[in-house]
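Next come the chains, spelled out residue by residue.
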Amino acid sequence: MTRTAGGAGTTPPSPHMALLREGAERLRAADPALAGLLDSELADQCSTLAMVASSSAADPSVLAAAGAVLSNVTAEGYPGARYHPGSACFDEVERLAEARARTVFGARYANVQPHSCSSANLSVLTSLLPPGGVLLGLGLDEGGHLTHGSSASVTGHLFHAVHYGLDEHGLIDYDGVLRLAREHRPRVIVAGASAYPRRIDFARFRAVADDVGAYLLADISHIAGLVASGEHPSPLDLAHVTTTSTYKQLGGPRGGLILVGAEHRTPGPDGHTGLADLMRRAVFPRSQGTPNPAAIAAKARALGMLGTEEARWTARMIVEDARALAEGLAGRGHRLLTGGTDNHMVVVDLRPARISGLVAERALEECGILANRNRVPGDSRPPAVAGGLRLGTNILAQRGMGPAEMADCVDLIDRILTAVVSVDDTTYTLDPQLCRRARAEVRELCGRFPLPGYPAATLRTGSEVSL
Ligand SMILES: *Cc1c(COP(=O)(O)O)cnc(C)c1O
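Residues numbered from 1 in each chain as written. Predicted model: local features only at pLDDT ≥ 70, side-chain atom pairs only at ≥ 80, totals over all residues. Heavy atoms only, no water.

## Some thoughts on the overall build of the protein
When helices and strands are tallied, the protein shows 16 helices and 17 strands. A compact globule built from 467 residues should have a C-alpha radius of gyration of about 23 Å, and the protein, at 23 Å, falls within 12% of that. Considered along the principal axes of its C-alpha atoms, the protein spans approximately 65 × 60 × 35 Å. Evaluated residue by residue, the protein yields a buried proportion of 53% over its 467 residues. For the protein, contacts bridging at least 24 residues in sequence account for 72% of all contacts bridging at least 6. Accessible surface computed for the protein: about 19,900 Å², of which carbon and sulfur atoms make up 53%. (Helix = DSSP H or I, 4+ residues; strand = E, 2+ residues; numbered from the N terminus. Rg over C-alpha atoms; globule rule 2.2 N^0.38 Å. Buried < 20%, exposed > 50% of the residue type's maximum accessible area, 1.4 Å probe, protein only. Contact = heavy atoms within 4.5 Å. Areas by Shrake-Rupley, 256 points an atom, 1.4 Å probe, with all protein chains shown as cover.)

## Some thoughts on the sheet that holds strand β4 (residues 109-111)
Strand order in the open sheet made by the 7 strands is β4-β10-β9-β8-β7-β5-β6, with mixed pairing throughout. Looking at which strands have only one partner, the edges of the open sheet turn out to be β4 and β6 (160-164). Direction aside, neighbouring strands of the sheet carry axes that sit 20° apart on average. Where strand β7 (residues 188-192) meets strand β8 (residues 215-219), 5 bridges bridge the pair, whose relative direction is parallel. When the bridges of β8 are listed, V190 appears paired with L217. Where helix α7 (residues 174-184) meets the sheet, it contacts β5 (134-138), β6 and β7, and its direction lies at approximately 155° from that of β6. (Pairing = 2+ DSSP bridges. Axes fitted to C-alpha atoms, helices over the stretch in contact; angles between N-to-C directions.)

## Regarding the domain arrangement of the protein
Along its sequence, the protein is organised into domain 1 (70-305) and domain 2 (309-466). Taking only C-alpha atoms, the centre of domain 1 and the centre of domain 2 are 29 Å apart. Listed by partner, the interface residues are 20 residues for domain 1 and 21 residues for domain 2. Between domain 1 and domain 2 the total buried area reaches about 1,800 Å² when both faces are included, carbon and sulfur atoms providing 51% of it. When the area that domain 1 buries against domain 2 is broken down by residue, the three leading residues are D141, P197 and R198, summing to 34%. Connecting domain 1 to domain 2 are 2 salt bridges. Between R375 and D141 there is a salt bridge, with its nearest N and O atoms 2.5 Å apart. In terms of residue class, the side of domain 1 that touches domain 2 is made up of 8 nonpolar, 7 polar and 5 charged. (Domains from an automatic or database assignment. Buried area = accessible area lost by both parts, 1.4 Å probe. Salt bridge = Lys/Arg side-chain N within 4 Å of Asp/Glu carboxyl O. Nonpolar A, V, L, I, M, F, W, Y, C, P; charged D, E, K, R; others polar.)

## A look at helix α8 (residues 202-212)
Count 3.6 residues to each turn of an α-helix, and residues three or four apart come out pointing the same way. Taken together, the buried positions of α8 are F202, F205, R206, V208, A209 and V212. The buried residues of α8 occupy an angular sector of 160° when the element is viewed end-on, so they sit on one face. Packing partners of the buried residues in α8 comprise β6, α7, β7 and β8. The first or second residue beyond α8 is G213, which carries a positive phi of 70°. (Arc of directions from axis to C-beta.)

## So, the site of the ligand
In the vicinity of the ligand lie 14 residues, with S118, S194, D219, Y247 and K248 positioned nearest. In isolation the ligand offers 390 Å² of accessible surface; the protein chains occlude 89% of this area. Here the shell around the ligand takes 3 residues from helix α5 (residues 117-128), the largest share from any one element. Counted by class, the shell around the ligand contains 3 nonpolar, 9 polar and 2 charged residues. (Near = heavy atom within 4 Å.)

## Some details on the sheet that holds strand β12 (residues 345-349)
With antiparallel pairing, 4 strands are arranged side by side in an open sheet as β11-β12-β15-β14. What marks the edges here is a single partner per strand, and that holds for β11 (335-336) and β14 (372-374). Pairing geometry for β14 and strand β15 (residues 388-392), over 3 bridges, is antiparallel. The partner of N372 across the bridge, within β15, is R390. In this fold helix α13 (residues 357-366) packs onto β14 and β15, with an angle of close to 45° to the strand it touches most, β15.

## Re the confidence of the model for the protein
Predicted confidence across the protein gives a mean pLDDT of 95, with 95% of residues reaching 70 or more. Counting interchain partners and residues more than four positions distant, the pLDDT-below-50 stretch residues 1-6 has 6 contacts. Across residues 459-467, confidence stays below pLDDT 50; counting only partners more than four residues off in sequence or on other chains, it has 11 contacts. (pLDDT = per-residue confidence, 0-100.)

This is the structure in structure tokens:
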């Protein structure tokens, strides 16, 4: 693979580059405590296997754009229609981000201002539903997201939320979705998940929405990279509105997007405002104030990298890696939700292994592997402890690891989970020698597959982590 970005020193200096360098140098000189923490964070990221399914690594050019001088621009409104002066460059940057989002996802309308996908979902839901309106979404314990009407979220209080679930194979119960829709007549149906390792049949959701006259919101927060690269069917023209995070699988900054496809002129609840216009107002002025111009520049950069051959290769590898990881773990006797995966995610039901999600998460972290605890259907443990573990392959694939390296990961994870001795749901013991050895293997693997553009060096300066 050829990298076109080039390393430091290969491009002629520009004033903005000089400013960023000046900033980095001032930070180190004036605030060594903070600068030191950032160096430690970088060292940690370079030397750990990050398998948190909701994360990806931003290219250094995305990080540079996120630190852009645009941060100084205050400009409410949209390009060409701001409520402040001085936004000429930002207008062009936002237009660029919008155009790239439309191209990458085949959308007719893109709003790049949401500060997060939670914020995007709130904007969409409050514009399509009146207070107390009926919302149908996947239950939190079945893999749904808080913003899909959970009682722990404001969406569960603002709206009357009804939840569909999974069938006995752990797959979305589409017949149940139709039954609940006919019974409760939702105005909005949400299709999307935070912990669901299989393809989502957006056409089937749309058929249900049409059956009851509901709007369909596709929340592709977790799978946006696969959708952009064609590794997961796109909901863009099936859903009325689509939302996503920009950091989970898009290698972008913290933030969200709202996208509208074929339904861009379909009227909203007032009977005449088209969905694209409605979404424009839904973000500003209805639910957000000023946009974050530097984050939008970083979104533009990340979106610009998505159409490349390299991005398509990474998306393919994400799926292949997840499949290899699932097969390997299942082969070692671990119980997986749905028995496998079609996307980037593998969810392990730890209940047969008699350890909690929290214990598994901590034991793995001690060995340099990051994966988070997750509730599984029928879980009796509270969310902070949980009975499952969610793994993802986004960053492993970004590092260039393939199925052969997944065998190493399976071996590491299996060894650690088998060796951990649970005292109770929150306390455990782990053989220090096994831990030290696993940590060294993780480091070696990370050293062989550095994140593109990131330093390969994995040794912490100063205090080496002692285990
Ligand atoms: C993570 C997630 C969100 C929220 O995204 P943030 O950008 O973290 O606010 C929304 N929906 C789904 C399905 C998610 O997984």
